[in-house]
Amino acid sequence: MRRTLFVLLLLAPGLGLVLAFVSLVLYVAVSQSFGLYNLGGDSVFSLAHWQAMLGERRYWRALQYSAYIAVTASLLAVALAYPVALLLRKPFRGSLTLSALIKAPLLVPGLVAAFLFVNVISYHGIVNQLMLSLGLWDAPVRLQNDKNGYGVILLQVWKQLPFAFLLLSAAVQALPDAVLLAARDLGAGPLDRFRKVVLPLTAGAMQAALVLIFIGAAGDFSFQAVAGPPSVDSLATLMTSVQSTQGDWNGAAVVAVTLMALSLFGSAALAILVRGATRLARG
Amino acid sequence: METKGTFVAYLAATDIGMRFDTFEALKGVSFTAERGEFITLLGPSGCGKTTLLNIVAGFLKPTRGALTLDGADLLPIPPERRDSAMCFQSYALFPHLSVRDNIAFGPRQKGLTATEVAKRVNDLLAQMALDAHAGKLPNALSGGQQQRVALARALAVGPGLVLFDEPLSNLDAKLRDQVRTEIRALQRRVGFTALYVTHDQAEALALSDRILLLNNGVIEQEGAPRDIYFKPRTRFVADFIGAANLHAGIAEAGALATPFGPLTGAGVATGAVTICWRPEMARLGPAGVNSLAGIVSSSAFQGAYTDVFVDAAGQTVRLQLPGAAHFAPGEALSFHVPPSAITTVADTAS
């Protein structure tokens, strides 16, 4: 009994604080989405806010768009981080510099990166000037705020790649040399070694990277606000818009709960799917 | 393989050299192995034996020299396409695969059909007494079982040459003896050629048809275990293989002038020499020739024999005497060494 109390006391400052805040946020958001804790009127339990939001096309488009950005960015970031992590598994001349460069985006705030990016791809920006001077394009092309969200995906991948790299490189470096040599010795070429040995043995780190990046990208506000397509909202921009332009706290809470559900179930589904794909690849 | 009267060894290494920056790990090593032969690369840490094994496996490319297997140049062939398989010191089993899938890994890579793979894996599981563990992951097995899986996995690809990188070093003494016997029996039964790396001289003596004793990147002596043990050519070989009494002496007309007085040896050279004899060759009591006497400085009972250190004529001499007799420090002891047990060795390899 004393031991249990002691353990709980040790856990309280860290885990307790996190649990308290998560529970509080969840409780308030879910309650508000059902009309409780209403900041703009009577607090009465109601399904009307959900019914209203589920009936709006822009809500579904935002959900679809956020899921698309999160899935694409997390898969791309992990796919790009793997080869780099494998390349840097053993030190070589220049490997420290390369490793530092990969982690550089961690030092640049996302909003700053987004502004720099739009400047670079703007109508009169560096990319357009370069293409014109090379004679590859006849006239400037509108690249900014593209309708497919490619700019946002690029920014997400750029920003999230270091996280994927850090997680994957730790897992890849922990692979025993002898195990990889054994696979080679038994007839496995580079691709087979990757899919049959490296991938299954680093699947845990890959899943963690996917989950973290998915959650970060699904809840993106700044990249979407600066570089995203104007015709569609992400869930985060929609939530702000519903609250700030319409003063609808309950509607915003519906979007917030949707965003949390997407983060939870979307990332779990992605991790499970990729784990299954890894098993299939192993053969 | 015999071509126009010229015998070509199954495995032939010629003048293999390996340099890592400024360190020369191998300095022109040449050796051959016949089909079905058990060759051991023996030597202390850093002598180049594992480097040589990794070159044969294809994990390292030598800076000079030639390597052929069954008459074909081996150096341009990547490890995955060589007719060899390695048993690693750490076993290197795939931790995410069951015992069955570990053994099946190689045959699947070689493109065997599912039926062929299953038959080969089942045969090996039975041979290695691993049937009961087929579905287990490697971390659920003991060290000895893991070693057997590693060996089965290597044999599953049906290699002509099996490479062993200190495979017993992680096992306890009793298990080491058991697995050692199993490896030798299996090698004789299956008939593969074995290239075995170890720093354990007892292992090398017990397993090998031939031992290549490496020191500082060169083969210091090559030969059958008995030859290496009883006819060491250099001080290093005598000292590394078993225990040896090594003393300076002068040889003249078949007689040896030593710090202990005149001794008679077998086939001794002339001039300044290092005389060598094994501690277990000493016999208690005086005899007609080579009788020595001294004072016991220490002794240790080892079960099958007693290790006795004797101060004789200002030199420390080691004797390994059979039986359980106790020798107390300070006790006077006389013993003799048969002339056939005394040989001479060079100070360095020429």
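As the structure is a computational prediction, the values presented were derived from the model and not from experiment.

(A) Broad picture of helix α3 (residues 114–127) of chain B. Residue and element names in this part refer to chain B. The terminal C-alpha atoms of α3 lie 20 Å apart, and with 14 residues this matches the ideal 20 Å at 1.5 Å per residue to within 8%. Within the sequence span of α3, burial applies to V117, V121, L124 and L125. Projected down its long axis, α3 shows its buried positions confined to an angular sector of 100 degrees, all on one face. Turned more than 90 degrees away from the buried face of α3, the exposed residues are T115 and K119. Those residues of α3 hidden inside the fold are in contact with α2 (99–109) and α4 (143–155). After α3 finishes, the residue A129 shows a positive phi value of roughly 55 degrees.

(B) Geometry of the packing of aromatic side chains. Going through the model one piece at a time under the given rule, you end up with 15 aromatic pairs over all chains. Ring geometry for Y27 of chain A versus Y37 of chain A: centroids 5.6 Å apart, planes at 75 degrees, classification edge-to-face. Of this pair, Y27 of chain A sits in helix α1 (residues 2–33) while Y37 of chain A is found in the loop between α1 and α2 (48–54), placing the two residues ten residues apart along the sequence. Taking 5.4 Å as the distance between ring centres and 40 degrees as the angle between the ring planes, the aromatic pair formed by F164 of chain B and Y196 of chain B counts as tilted. Residue F164 of chain B is found in strand β9 (residues 161–165), and its partner Y196 of chain B is found in strand β10 (residues 193–198); the two are separated by 32 residues along the sequence. With a relative accessible area of 0%, F164 of chain B lands in the buried category. The exposure class assigned to Y196 of chain B is buried, which follows from its relative accessible area of 0%. Three or more aromatic residues link up through ring pairs in this structure, and these residues are F38, F164, F192 and Y196 of chain B. Looking at R153 of chain B, its charged tip hangs above the ring of F94 of chain B, at a distance of 4.7 Å from the centre.

(C) Broad picture of a nonpolar patch on the surface. Residues and elements named next belong to chain A. A cluster of nonpolar side chains, contributed by L17, F21, L24, Y27, V28, L36, Y37, F45 and L47, occupies part of the molecular surface with about 900 Å² of accessible area. Residue placement: L36 occurs in the loop between α1 and α2. What makes L36 partly exposed here is its relative accessible area of 30%.

(D) Quick peek at the interface of chain B and chain A. Taken together, the contact between chain B and chain A spans 21 residues of the former and 18 residues of the latter. Here chain B and chain A share an interface that buries about 1,700 Å² over both sides, 64% of which is from carbon and sulfur atoms. Its largest share of buried area at the contact with chain A, chain B owes to E80, H96 and Q109 of chain B, together 36% of the area lost on that side. Here chain B is connected to chain A by one salt bridge. The partner of R184 of chain A in a salt bridge is E80 of chain B, and the shortest N-O contact between them spans 2.9 Å. The tally of links from chain B across to chain A stands at six residue pairs in polar contact (both at pLDDT 80 or more). Among the elements of the structure, β8 (84–87) and α2 of chain B are those that each provide at least two residues to the side of chain B that touches chain A. Across the side of chain B that touches chain A, the residue classes tally to 13 nonpolar, five polar and three charged.

Reading the values: the criteria
Residues numbered from 1 in each chain as written. Chains lettered and ligands numbered in written order. Predicted model: local features only at pLDDT ≥ 70, side-chain atom pairs only at ≥ 80, totals over all residues. Heavy atoms only, no water. Helix = DSSP H or I, 4+ residues; strand = E, 2+ residues; numbered from the N terminus. Expected span 1.5 Å × (residues − 1). Buried < 20%, exposed > 50% of the residue type's maximum accessible area, 1.4 Å probe, protein only. Arc of directions from axis to C-beta. Contact = heavy atoms within 4.5 Å. Phe/Tyr/Trp six-rings, centres within 6.5 Å; stacked < 30°, edge-to-face > 60°. Lys NZ or Arg CZ within 6 Å of the ring centre and 35° of its normal. Patch = residues over 30% accessible without salt bridge, like charges linked within 9 Å, V, L, I, M, F, W, Y side chains within 5 Å. Areas by Shrake-Rupley, 256 points an atom, 1.4 Å probe, with all protein chains shown as cover. Salt bridge = Lys/Arg side-chain N within 4 Å of Asp/Glu carboxyl O. Buried area = accessible area lost by both parts, 1.4 Å probe. Polar contact = N/O pair within 3.5 Å; in protein donor to acceptor, adjacent residues only side chain to side chain. Nonpolar A, V, L, I, M, F, W, Y, C, P; charged D, E, K, R; others polar.

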